[in-house]
Each structure stands twice: as structure tokens, then as C-alpha cells.
Amino acid sequence: MTIRTRFAPSPTGAIHVGNLRTALITWLFARHHGGHYLLRIDDTDVERSKDVFTDAIMAGLTWMGINWDGDKVHQRDRMDAYAKVIADLKANGRLYPCYETADELALKRKSLLARSLPPVYDRAALSLTDTQIKAYEAEGRKPHWRFKLNDTPIVWNDLIRGEVKFDGKLLSDPVLIREDGTPLYHLCSVIDDIDFEITHIVRGEDHVTNTATHIQMFEAMGATPPQFAHLPLVSDAEGGKLSKRLGSLSVQELRETEDLEPMAIANVLARLGTADPIEAYDSYEPLITAFDFSKFSRGSPKFDPDEMVRLNAKLLHDMPFAKAQPRLNAMGLTQVDAMFWDTVKPNLERMRDIKDWWNVVNGPITGTAQDADFIGAAATLLPPAPWDATTWKQWTDTVKEKTGRKGKDLFMPLRQALTGMDHGPELATLLPLLGPERTQKRLKG
């Protein structure tokens, strides 16, 4: 059997961390098995769905390196397919019209909860007479349509949660068609999953109850339900509910505002909730090879965005110049060469930090050393050109001998005078980048 999966975002906003985690894990599963990964745009909500969001979703996935197979599918283009199934479900009694208003349904729900009963729809619409229906329609009411669930057990073996059981009679018949006649997500999703032969569905555990109703919908349409994997929802670093800020971080924000490398994000999201260590892989191969749903715990994993920053730094520290160069060129830093990159990259947390170090080397900068006499003396002891990686030691050995300075008292004033900072790249490699002329100028203030 060929594994067929799908990622099905709604283009009503930016793709955020939670969506991205689902997209990534689904993709890793498909690629591990050599399967098919479908991008389906769930855009039946005409008012809220925007092409600009679709474009952003595609751009975000592409930036992350999450590729899909074949052309993307738009639900808005499949209304004829949905209409045919809807007609069949109405004909066999599995879809039935309901005329309650939102206020009336809310009142029923409130009454049931007050009596400590589950807020299950009472199927009153099935008892309506033709006279009652005509009266409602004369008022201008239009029906919404519910799917009639069978009062039987619903059981499936979840790839993460294990055996899951629901009692059909304890679930409300879900609304599948709005008053305006447009089908809702639940119906369109199941029809699409059947038509595109989806074998595995990955979603958050907040969809478990939906899955129970979907399974009966698959069966009502004469199809075998796919396998399901429900991912535990992510908590914050302290184990609490993920804040709106963390949970709503979009891919665009991760890329532009946070300036994170795609693999820094992927390495964290792929391993959340598993026993596998989070490591700074610079490609997807290790994540694909090691992927297995059996590694996921049912417990809520903790998401610490600082972990992505730490991995981001490690990826930059290990990045060869050939890989960095196109990025540097795009930033306008076309003069950066391999020597400069290798000198400053151990001090980068984000790629944008290299601009600061470019300015430190190429100036102008204001030195912060306070000991003018010492700095002046050191300036007279600079070795002649040409300079290389041995020049720093040669110079500081001479300064140490002539002034008696050593350790921090020797090195820190020189760093402050040359860079205006208390930290930074190794001066043995930085000094040749500064060169004799710039170094003399900085030492003389």
C-alpha cells in the first residue's frame, strides 16, 4: 500500500506554529515511507478565505523545505463533487434538515447542562411535521443539515493514542451544511479524503471527537476510514497553556522577525513529544530516517522557543561559507569572504548579527578602553605587515614584555580599543581583517 497523506490548512490567516508542526510531522511520515504528500487548501469559507493567505502558506512551506506532490487542491473547486455526495446522504436519510435558530440551540444546551446532562442534540427536527416545516419556512427560516450518527460504538486504533472508543449515542449529530447551503469542513474533508485516497491523517488531539463522527461519515459513504494519529497539544516551557504569542507565531514571523533558520525550527518541532534528542541537524535526512509515531508520547510536550534560538546559533556556527554566501549576498554583504565568515560565525546567534560584526570590522567604531597610556604604548609595538594568524600572539607577547601586563589586564583593553566591545571573535583571526592601517587608527583614537 502506498502511504497517502495530506496537509489541509484553511487560508483564513497565516500558518502558525501549531499548523506548521502538523504539516511537518505529516510530511516526515510520508517521506519516511516514500509516500504521497497532498497540499489541500480548505477554502470553502468564501468570506474569510483569501488568496494572499494561500500564497503565504505555500511560501512558508517552501521556505521550510516541506514540498508537496503534484498540484495543490482547492476545495472551492470541488463543489460539484460535494453536491453529489450530499444528495446521496439526503436520499438515504443520513443528512436531515433542522430549523432551530442559534438562540434556540443555545437554550437547549444550557438546559441540558443545568441538569448535568451531556449537551447532545435531541433530534427534535426528525419529528417535525410538514405543517411545522412549512410554518418555519414561512417565517423565512432556512434549514441547516445534520448528519445522523448511528447509536453504536466507534472504535479505532490511533497511531499515538492507542485504542480510542466513543459511544455514538453520546455524541451530537454534527452540522454539515449551513443555512445558506454551503457545506462545512467536516463533510468536505471526508469526501476529499475518500476521493484522494488518503490513507493516514495527522491532526491535533483537539480533533479526536471530530474523528469519531468522521469515521461514521466515511462508513456512510461506503469507504474504509483511514488511519489516524492525534498529536498532543503543545504547552509552554512551564507546562501551562501555550500563550497566544507563542502559539500564534507565524512562519513569516519566524523567518523575518525572529530570523531563524528553517532547520532550527524543524529540529524542534519534529522532536517535540518524543524521546529522541533535539539536535542541530542541517538537513532533513536524519529526521526522516528516524521518524516513527511510536516514539510520540501522549503527554503534552513543552515548547521552549529559546531552544530554536540555541539550535539556530549552532547551525550558523557549523555552516560552511559556500552555504552562507547566497544568504549574505541577498543581505547586501557581497564583500564578505570565507575568512570573514569563519572568523565571526562562532559569535552569531542569528544571521542578521553578521551585519553588526561587519560594522565592527569595517568601522567606524568608538573604542571603549580607558587606559590611554597603555593603548598608546601598544600602538608603537605593532608588528610590520603583512599580518596573519600569528600576528596577534607576536604583538601581545611584545606588549606583555614591555608593559608587564598579562591576562585580562592585557587583552581586554586591546579588545575594547579595537572593537569597542568586551566580547567577540578571536582577535588572532580578527586582527588580520582589521589590518595595520585601521588598527593604528583605532589605537590612536
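Residues numbered from 1 in each chain as written. Predicted model: local features only at pLDDT ≥ 70, side-chain atom pairs only at ≥ 80, totals over all residues. Heavy atoms only, no water.

Caption draft 1: Representation of the pattern of salt bridges. Scanning the entire structure with this criterion turns up 31 salt bridges. Between Asp43 and Arg76 there is a salt bridge whose closest N-O contact spans 3.6 Å. With a gap of 33 residues between them, Asp43 in the loop between strand 2 (36-41) and helix 2 (51-64) and Arg76 in the loop between strand 3 (73-74) and helix 3 (79-91) connect regions that are remote in the sequence. Asp43 sits in the buried class, given a relative accessible area of 3%. Judged by relative accessible area, Arg76 falls into the partly exposed class, the value being 40%. Three or more residues joined by partner-sharing salt bridges are found here, namely Arg6, Arg40, Asp42, Arg78, Asp192, Asp193 and Asp195. (Salt bridge = Lys/Arg side-chain N within 4 Å of Asp/Glu carboxyl O. Helix = DSSP H or I, 4+ residues; strand = E, 2+ residues; numbered from the N terminus. Buried < 20%, exposed > 50% of the residue type's maximum accessible area, 1.4 Å probe, protein only.)

Caption draft 2: Quick peek at the sheet that holds strand 3. Within the open sheet, the three strands sit side by side as 1-2-3. Their pairing is parallel. At either end of the open sheet lies a strand with only one pairing partner, and these are strand 1 (4-7) and strand 3. When strand 1 meets strand 2, the two strands line up parallel, connected through four bridges. Within strand 2, the position partnered with Arg4 by the bridge is His36. (Pairing = 2+ DSSP bridges.)

Caption draft 3: Spatial organisation of the pairing of strand 9 (residues 200-204). Counting buried residues along strand 9, five of its five residues qualify, which places the element largely inside the surrounding structure. With five bridges joining them, strand 9 and strand 10 (residues 227-231) adopt parallel strand pairing. Looking at the pairing, Val202 lines up with Ala229 of strand 10. You can see the chain leave strand 9, run along helix 7 (residues 208-220) and come back into strand 10, and the turn it takes is right-handed. (Right-handed = clockwise from strand over helix to strand, strands pointing away.)

Caption draft 4: Quick peek at the sheet that holds strand 5 (residues 144-147). Strands sit in the order 4-5-8 across an open sheet of three strands; the sheet is antiparallel. The sheet is open, and its two borders are formed by strand 4 (95-98) and strand 8 (175-177), each paired with just one other strand. Across the sheet, the axes of successive neighbouring strands diverge by a mean angle of 45°, strand direction being ignored. Pairing of strand 5 with strand 8 involves two bridges; the strand directions are antiparallel. In the strand pairing of strand 8, Trp145 is matched with Ile177. Each of strand 4, strand 5 and strand 8 touches helix 3; the most contacted strand, strand 4, lies at about 85° to it. (Axes fitted to C-alpha atoms, helices over the stretch in contact; angles between N-to-C directions. Contact = heavy atoms within 4.5 Å.)

Caption draft 5: Inspection of the packing of aromatic side chains at higher detail. Across all of its chains, the model carries twelve aromatic pairs by this definition. Considering the side-chain rings of Trp27 and Tyr284, the 4.8 Å spacing of their centres and the 65° angle between planes classify their relative orientation as edge-to-face. Of this pair, Trp27 sits in helix 1 (residues 17-32) while Tyr284 sits in the loop between helix 10 (262-271) and helix 11 (285-290), and the two are 257 residues apart along the sequence. The exposure classification of Trp27 matches that of Tyr284, with both residues buried. Taken together, the aromatic side chains of Phe29, Phe291, Phe293 and Phe296 make up a single cluster linked through ring pairs. One cation-aromatic arrangement involves Lys90 over Trp145; the distance from NZ or CZ to the ring centre is 3.9 Å. (Phe/Tyr/Trp six-rings, centres within 6.5 Å; stacked < 30°, edge-to-face > 60°. Lys NZ or Arg CZ within 6 Å of the ring centre and 35° of its normal.)

Caption draft 6: Layout of unusual backbone geometry. Residue Pro364 is reached from Gly363 by a cis peptide bond, and omega for that bond is 0°. On the secondary structure map, Pro364 appears in the loop between helix 15 (353-362) and helix 16 (372-379). Non-glycine residue Ser116 carries a positive phi angle of around 60°. Looking at where Ser116 falls in the secondary structure, it is placed in the loop between helix 4 (102-114) and helix 5 (130-138). Given a relative accessible area of 68%, Ser116 falls into the exposed group. In this model, Asp259 sits at a positive phi of 55°, which is unusual for a non-glycine residue. For Asp259, the position within the fold is in the loop between helix 9 (251-257) and helix 10.

Structural measurements only, silent on function.
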